[in-house]
Amino acid sequence: MRTVPKSYYKHFSNSEQIDFQKQSSLITLPQPRAHPFVPKDHPFFVRTDLTAHEMGPPKTVRTISQEAFDEVVKENMEDLGMDPTEALQDAIQTLSLQGVDLSGIVKCVPGESSLKDNPLIQSLERLKQLDLNSKDKFSDEDLNEMMGLFDKLIELCGGNEGSVNAAVATKNGGVELVCSICYKIRCGSKRVLDSCLKTMALLVHDVQSTETFRTGGGPKLLVNILIDGNEDPEILNSGFAVVAASATGNEVVKESYMELKIDELILEILSRQRNDSIQSLYDAIRVLLTPDDDRVVASQVYGYARRFAKIGIARALVHSLHSGLSSPSLISASIALKAVAVNDEICKSVAENGGIDALLRCIDDSGLQGNKTVARICCSLLSKLAGSDSNKSAIIEKGGMDKLIVVSARFSDDASVLQEVMSIITVLSLRSPENAACAMEAGAGDLAIQAMLKFPNAQQLQRSSCFMIRNLVARNPENRKLLLSNGVEKLIRQAKENHEICKDAATDALRDLGLDDYNK
């Protein structure tokens, strides 16, 4: 394997130095800096030394500058006599094998194209010129040109090569640049601001870009934009899309938004108007309450969910369910509400505000209208709410068990819906022989057997079937004979043999069915 000469180290910053001779030598990501376009004393500047609670050790990765990459290609041609295409491919292969992250590097064949020929780089450079030439605001002529440039960036970063181009834009200062432009036009042209926000949502695509956004004052700038435009659905939709994108996988950004009281802003918007056109609002709720940063030892999102519920966001989301399938936000609101419902108290409050009634109606209607997505999402939320013992009783009393069996029959060809139905019945039957008896009477045993027969390769469904069977028989010995006589043992043993993830669940089900050889 060819190695990179030490002479190329001059192209790296101190934090980017790479010892290519030592495979175990890894470096940390360069520390993001506040972007140069916003002075430290302006009201949107934030400290760059914020840390989330209980952060684990940072991941390490090798990086390389565009100049160093181009120099490797040049060396291949001049010193090793390779043709341009071969030189480029060799550089890519050599650096990749050395463990270097090449995302954000523009890979040009020397003599055929250059960095300046890249349309994305051209758009960024022109935007930088417009930004640097302006003082506090842009002229109408500049704004019109910027609209076209942002549209080009949206096209390049949102298509098939979107993630590749977004990485290139980020490496070339795209996040800092768009933050600067947003700061200058946040009270100006709505159309350009909307395009600016849409571009930002595409650029903040990984931890490094979201950190750049955070250290450049992005969260505070964005919250102020949302406050200023809180009656404009388009600005709100584009703005909350940035919230969702920037908080994904970054616990510190989530913390920044919560410190800025974004939960109160969300509640205000949910309470004041119909939000059918602000789908990203629900995405933002979901992301803010999802523990998806693997650098964090102990995420704070559970506490955020409790705070959301305490101020009334859970109640507001329940109201979004009452419109049923006619509401374009039904699915998004259900997913968001599931993220908020993190404890027994919140689950009970959802039921007290009519959440279970609304969900059972939606599940019924989804079957009548053949809407598999609504059926699956609403069943998933109902399963979460059924974790509260008082809600279990409410679901049974409202005829929920029969409704679940009916919807499973209507979607008997969809393993994902059947899996969610069985998950609910599993929760309802847990430590409740009365509910287990009700489930068997409604047809849950037949549901499990038919699903296992029809979808032998659906691992998650097979596992869910084993879980449900176990709860149906654990405290109801009378159910064991019924299921065994219908051949359930053979199906469970097949699932245990064919699917690794089913082994424990299948063993437990066989044991609770009263079989002595359950370990075989």
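You'll find the chain entered in an unreviewed UniProt entry as ARM repeat superfamily protein, with Citrus sinensis given as the organism.

Here we come to the overall build of the chain. The helix and strand inventory of the chain stands at 28 helices and 2 strands. In the chain, which comprises 520 residues, the proportion classed as buried is 52%. About 23500 Å² of surface is accessible on the chain, with carbon and sulfur atoms providing 48% of the total.

What follows is about the nonpolar core. In terms of nonpolar packing, the biggest core is built from 143 residues, with F240, Y257, I266, I285, L317, I425 and I492 touching the most fellow members. Other than its neighbours up to four places away in sequence, L317 contacts L270, Y282, I285, A333, A336, L337 and V340. Of all hydrophobic cores here, the second largest spans 15 residues; its members include V73, M82, L95 and L102.

The next point concerns the packing of helix α10 (residues 233-247) against helix α11 (residues 251-259). Relative to each other, α10 and α11 sit at 140°, their axes nearing to 8 Å. Viewed along their axes, α10 and α11 adopt a mutual orientation that is oblique. Only V253, K254 and Y257 of α11 make contact with α10, whose side of the interface consists of V242, V243, S246 and A247. Broken down by class, the residue content of the contact of α10 with α11 amounts to 5 nonpolar, 1 polar and 1 charged.

Attention shifts here to helix α15 (residues 313-321). With respect to burial, α15 is a largely interior element, 7 of its 9 residues being buried. Listed in full, the buried residues belonging to α15 are I313, A314, A316, L317, V318, S320 and L321.

Our focus in this paragraph is the pattern of salt bridges. As enumerated under the stated definition, the model contains 22 salt bridges in all. Put simply, E125 and K128 hold a salt bridge, and the shortest N to O gap is 3.7 Å. Of this pair, E125 and K128 both sit in helix α3 (residues 119-133), 3 residues apart, which is roughly one turn of the helix. By relative accessible area, which is 38% here, E125 ends up partly exposed. Notably, a salt bridge pairs D517 with R493, separated by 2.9 Å at the nearest N-O pair. In this pair, D517 is assigned in the segment after α28 (503-512) and R493 in helix α27 (residues 488-498), connecting sequence segments 24 residues apart. According to the relative accessible area criterion, D517 is partly exposed, its value standing at 30%. Because the salt bridges share partners, they merge into one network encompassing R470, D508, R511 and D512.

Moving on, we come to the environment of A409. Here A409 shows up in helix α21 (residues 400-410). Along the backbone, A409 and L447 are 38 residues apart, and their C-alpha atoms lie at a distance of 8.4 Å.

This part takes up the side chain of D293. Topologically, D293 is positioned in the loop between α13 (279-288) and α14 (301-311). Of the polar contacts made by the side chain of D293, one reaches the backbone nitrogen of E251; its length is 2.8 Å. A polar contact of 2.6 Å, which involves the side chain of D293, links it to the side chain of R295. In this structure D293 touches G249, N250 and E251, once residues within four positions along its chain are discounted.

Before going further, it helps to examine unusual backbone geometry. Despite not being glycine, K261 shows a phi value in the positive range, around 60°. Following the sequence through the fold, K261 ends up in the loop between α11 and α12 (262-272). We classify K261 as partly exposed; its relative accessible area is 48%. If you check the backbone angles, R431 has positive phi at about 55° while not being a glycine. For R431, the location among the structural elements is in the loop between α22 (415-429) and α23 (433-442).

Take the side chain of T426 next. Looking at the secondary structure, you find T426 in helix α22. In this view, T426 contacts S464, F467, M468 and N471; residues no more than four positions away in its chain are not counted.

A few words on the environment of V252. Along the chain, V252 falls in helix α11. Separated by 48 residues in sequence, V252 and Q300 have C-alpha atoms that sit 9.9 Å apart.

Mapped onto the elements, I185 comes out in helix α6 (residues 174-185). When the C-alpha positions of I185 and F138 are compared, they lie 7.5 Å apart, and in sequence the two are 47 residues distant. Excluding anything up to four places from it in sequence, I185 contacts F138, L143, V192, L193 and C196.

Below, the discussion takes up the packing of α21 against α22. At a minimum axis distance of 10 Å, the contact between α21 and α22 shows a crossing angle of 160°. By the criterion of interaxial angle, the relationship of α21 to α22 is roughly antiparallel. Relative to α22, the crossing made by α21 is left-handed. The residues of α22 that touch α21, namely those facing M401, L404, I405, V407 and S408, are L418, V421, I424, I425 and L428.

Another point: the confidence of the model for the chain. Detailed reading of the predicted coordinates is not advisable wherever pLDDT is low. Model confidence for the chain is summarised by a mean pLDDT of 88, while 88% of its residues fall at 70 or above. Below pLDDT 50 for its whole length, residues 5-53 participates in 107 contacts with residues either more than four positions away or in separate chains.

So, on to the state of the cysteines. Put plainly, a disulfide is one covalent bond tying together the sulfur atoms of two cysteines. Per the counting criterion, the structure on display carries 0 disulfides. As a non-bridged cysteine, C362 has C378 as the owner of its nearest cysteine sulfur, 4.6 Å distant. This cysteine, C466, is not joined by any disulfide, and C502 carries the nearest cysteine sulfur, 5.4 Å off. A relative accessible area of 0% means that C466 is categorised as buried.

Rules used throughout
- Residues numbered from 1 in each chain as written.
- Predicted model: local features only at pLDDT ≥ 70, side-chain atom pairs only at ≥ 80, totals over all residues.
- Heavy atoms only, no water.
- Helix = DSSP H or I, 4+ residues; strand = E, 2+ residues; numbered from the N terminus.
- Buried < 20%, exposed > 50% of the residue type's maximum accessible area, 1.4 Å probe, protein only.
- Areas by Shrake-Rupley, 256 points an atom, 1.4 Å probe, with all protein chains shown as cover.
- Core = buried A, V, L, I, M, F, W, Y, C linked by side-chain atoms within 4.5 Å.
- Contact = heavy atoms within 4.5 Å.
- Axes fitted to C-alpha atoms, helices over the stretch in contact; angles between N-to-C directions.
- Parallel < 35°, antiparallel > 145°, perpendicular 65-115°, else oblique.
- Nonpolar A, V, L, I, M, F, W, Y, C, P; charged D, E, K, R; others polar.
- Salt bridge = Lys/Arg side-chain N within 4 Å of Asp/Glu carboxyl O.
- Polar contact = N/O pair within 3.5 Å; in protein donor to acceptor, adjacent residues only side chain to side chain.
- Left-handed = near helix turned anticlockwise from the far one by under 90°.
- pLDDT = per-residue confidence, 0-100.
- Disulfide = S-S within 2.5 Å.

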